[in-house]
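Commentary on secondary and tertiary structure
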Amino acid sequence: MLLHIDSSADPVADSVSRRLTRRFVTAWRAVHDGTAVCRHRDLAADPVPPLTAAYTALGRRVEREGLVPPEKVPALLDGPAERREWELTLPLIEELRSAHTVLLGVPMYNFSVPAALKAWIDRVTFPGAFTDPDTGQSVLRATRVVLVMARGGAYGPGTPRASFDFQTPYLKAYFGNLGVAPERLHVVAAELTRADVLPHLAGLEERAARSLDRARAQVTALAAAE
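Reading the values: rules and limits
Residues numbered from 1 in each chain as written. Predicted model: local features only at pLDDT ≥ 70, side-chain atom pairs only at ≥ 80, totals over all residues. Heavy atoms only, no water. Helix = DSSP H or I, 4+ residues; strand = E, 2+ residues; numbered from the N terminus. Rg over C-alpha atoms; globule rule 2.2 N^0.38 Å. Buried < 20%, exposed > 50% of the residue type's maximum accessible area, 1.4 Å probe, protein only. Contact = heavy atoms within 4.5 Å. Areas by Shrake-Rupley, 256 points an atom, 1.4 Å probe, with all protein chains shown as cover. Axes fitted to C-alpha atoms, helices over the stretch in contact; angles between N-to-C directions. Parallel < 35°, antiparallel > 145°, perpendicular 65-115°, else oblique. Left-handed = near helix turned anticlockwise from the far one by under 90°. Nonpolar A, V, L, I, M, F, W, Y, C, P; charged D, E, K, R; others polar. Salt bridge = Lys/Arg side-chain N within 4 Å of Asp/Glu carboxyl O. Phe/Tyr/Trp six-rings, centres within 6.5 Å; stacked < 30°, edge-to-face > 60°. Polar contact = N/O pair within 3.5 Å; in protein donor to acceptor, adjacent residues only side chain to side chain.

1. Focus on the overall build of the protein chain
A count of helical and extended segments in the protein chain gives 6 helices and 5 strands. Here the C-alpha radius of gyration of the protein chain, 19 Å, is about what a compact globule of 226 residues would show, namely 17 Å. Projected onto the principal axes, the alpha-carbon positions of the protein chain cover approximately 60 × 40 × 30 Å. Counting the 226 residues in the protein chain, one finds 46% classified as buried. Of the contacts made within the protein chain by residues no fewer than 6 positions apart, 75% connect residues no fewer than 24 positions apart. If you sum the accessible surface of the protein chain, you get close to 11,200 Å²; carbon and sulfur atoms cover 54% of it.

2. Overview of the packing of helix α1 (residues 16-32) against helix α6 (residues 205-224)
At their nearest, the axes of α1 and α6 sit 8 Å apart, and the two run at 30° to each other. Our classification of the angle between α1 and α6 gives roughly parallel. Crossing of α1 over α6 shows right-handed handedness. From α1, Val16, Leu20, Arg23, Phe24, Ala27, Trp28 and Val31 reach across to α6, where they touch Leu212, Ala215, Arg216, Val219, Thr220, Leu222, Ala223 and Ala224. Taken together, the residues of the contact of α1 with α6 sort by class into 12 nonpolar, 1 polar and 2 charged.

3. Some details on the pattern of salt bridges
Applying the stated criterion across every chain yields a total of 11 salt bridges. Here Arg151 and Asp165 are joined by a salt bridge, their closest N and O atoms 3.4 Å apart. With Arg151 in the loop between β4 (144-150) and α5 (167-178) and Asp165 in the loop between β4 and α5, this pair connects stretches of sequence that are 14 residues apart. Considered together, Arg151 and Asp165 belong to a single accessibility category, that of buried residues. Across the pair Arg216 and Asp213 runs a salt bridge, and its minimum N-O distance is 3.3 Å. Taken together, the positions of Arg216 and Asp213, both in helix α6 and 3 residues apart, correspond to about one turn of that helix. Classification of Asp213 as partly exposed rests on a relative accessible area of 45%. One continuous salt-bridge network, built from bridges that share partners, spans Arg39, Arg41, Asp46 and Glu95.

4. Focus on the packing of aromatic side chains
Tallying each qualifying case throughout the model produces 5 aromatic pairs. Where Phe111 meets Tyr155, the ring centres are 6.2 Å apart and the plane angle is 65°; that geometry is what we call edge-to-face. Linking Phe111 in the loop between β3 (101-107) and α4 (115-124) with Tyr155 in the loop between β4 and α5, this pair joins segments that are 44 residues apart in sequence. You can call Phe111 partly exposed: its relative accessible area is 28%.

5. Some thoughts on the side chain of Thr21
By the element assignment, Thr21 lies in helix α1. At a separation of 2.9 Å, a polar atom in the side chain of Thr21 contacts the side chain of Asp6. Among all residues touching Thr21, those that are not within four sequence positions of it are His4, Asp6, Leu103, Leu104, Gly105 and Val148.

6. A word on unusual backbone geometry
Backbone geometry places Asn110, a non-glycine residue, at a positive phi of 55°. Within the secondary structure layout, Asn110 lies in the loop between β3 and α4. Even without being a glycine, Leu192 presents a positive backbone phi close to 60°. Summarising the element assignment, Leu192 is placed in the loop between β5 (185-190) and α6. Accessibility expressed as a relative area gives 3% for Leu192, which makes it buried.

Below, the structure is given as structure tokens:
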């Protein structure tokens, strides 16, 4: 299964990350001849609710029990508020656990990820949800993650603002901590996506076009690979 997640607040017409993830999905469907499942979650259109005290109380109780697989969490619920939190959380966990490939469209907002994506990360990262209780290994170690990022300016290695990129290291650290193998984590970044409208980026339009062309080629190639 392909789990396709978009987090841009913009519609497709105005969103580079959405257009790139759409390109990936189109190429992926062609390779799989329409036989595989693609689940799309739009975090802007259908936001994940922020955590509440009931979520954190349940999480701490699960942590005290050790490695508790998701199917055993209901036995630890205490009251309707915790049940509601678990009902919001479990579908997200199941989607991520079931995915062979996770495709994330991530625009850079204020040097990091959109709040909508952070809300998904906070909720889906439930204690023990991605650990095999028998082996202690991550159930996501073979999952492929494709991070498709769009940045209005230039933040790549060697650029003056490279140190301002908290988007790439954060997402790499997050999925690495979940147990995704380094060789299964792929990063695609289109830079200078606002060169056509921001005065201080004037003159960089050609560089922006080359970056976008590279990103298009990369997502197409990754869609065809396993």
